[in-house]
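Next come the chains, spelled out residue by residue.
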Amino acid sequence: MTRVRPQWVLPLSLVMALFLGLLPLPPTLQPLRPYWLALVLAYWVIEDPDHIGLGVAFLVGLAGDLVYGSLFGEQALRLVVMAYILQRFRARLRFFPMSQQALAIGGLLLNDRIVTAAIHIAVGEPTLPASFWLAPLAGMLLWPLLFVGLDSLRLGRWRGR
């Protein structure tokens, strides 16, 4: 017997990730802002690969470009690269303990920063400050909480039994 899954969790989580990226932060916390869109998309690529793939990553990235006002296509490229790597290693990553999964996600977020720096260099934009490299650490630390939260919503454990 299969359990009916709530269909609203996927689109709502992606919209919430877009909004979380828009929240104003004090200047001291700006460098620690995690890439919420990448974290949420990583969860869905790992847990629901039948519905989330490179095409969805591209479309979500284009939406991120429009919402955040970044170079059009930058986030789309970043998210497609991340989704490709996640799809490639999904079978192994799903069975890692949470601490190793968080380290792997931290590595992916660090790779995302490298891709971002390469894009900025290629188009001649100013280089990003050294504090720019702290955000993957924040994302890595938030991964277990985000994973458990989205997992409980996806599996319907949020309802009282």
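A brief report on the enclosed structure follows.

Cut-offs applied
- Residues numbered from 1 in each chain as written.
- Predicted model: local features only at pLDDT ≥ 70, side-chain atom pairs only at ≥ 80, totals over all residues.
- Heavy atoms only, no water.
- Helix = DSSP H or I, 4+ residues; strand = E, 2+ residues; numbered from the N terminus.
- Buried < 20%, exposed > 50% of the residue type's maximum accessible area, 1.4 Å probe, protein only.
- Contact = heavy atoms within 4.5 Å.
- 1 Å grid on protein atoms, 1.4 Å probe; cavity = no way out; pocket = protein on both sides within 12 Å on 5 of 7 lines; lining within 4 Å.
- Points joined across faces, edges and corners; volume = space filled by probe spheres on them.
- Core = buried A, V, L, I, M, F, W, Y, C linked by side-chain atoms within 4.5 Å.

## Remarks on the side chain of Asp-112
Next up, step 1: Topologically, Asp-112 is positioned in helix H5 (residues 98–123).
Next up, step 2: Asp-112 gets classed as buried once you look at its relative accessible area, which sits at 5%.
Next up, step 3: The residues touching Asp-112, leaving out its near neighbours within four places in the chain, are Tyr-35 and Arg-78.

## What to know about the side chain of Gln-101
Next up, step 1: Here Gln-101 is to be found in helix H5.
Next up, step 2: Residue Gln-101 is classed as buried on the basis of its relative accessible area, which comes to 2%.
Next up, step 3: If we ignore the near neighbours within four places in the chain, the residues touching Gln-101 are Leu-93, Arg-94, Phe-96, Trp-143 and Phe-147.

## Quick notes on empty space enclosed by the protein
Next up, step 1: Within the structure shown, the criterion is met by one cavity of 30 Å³ or more.
Next up, step 2: Taken together, Arg-33, Pro-34, Tyr-35, Leu-109, Asp-112, Arg-113, Ala-135 and Pro-136 form the lining of the largest cavity.
Next up, step 3: Elements that contribute at least two residues to the lining of the largest cavity include exactly H5 and helix H6 (135–154).
Next up, step 4: With three residues, H5 is the single largest residue contributor to the lining of the largest cavity.

## Let's talk about the nonpolar core
Next up, step 1: If you look at the biggest cluster of nonpolar residues, it comprises 33 residues, and the most contacted ones within it are Leu-41, Leu-79, Met-82, Leu-86, Ile-105 and Trp-143.
Next up, step 2: Of all elements in the fold, only helix H1 (9–22), helix H2 (36–47), helix H3 (54–68), helix H4 (74–93), H5 and H6 reach the threshold of two or more residues within this core.
Next up, step 3: For this core, the element with the highest residue contribution is H2, accounting for 11 residues.
Next up, step 4: Not counting residues within four places of it along the chain, the set of residues in contact with Trp-143 comprises Leu-39, Ala-42, Tyr-43, Ile-46, Met-98, Gln-101, Ala-102 and Ile-105.

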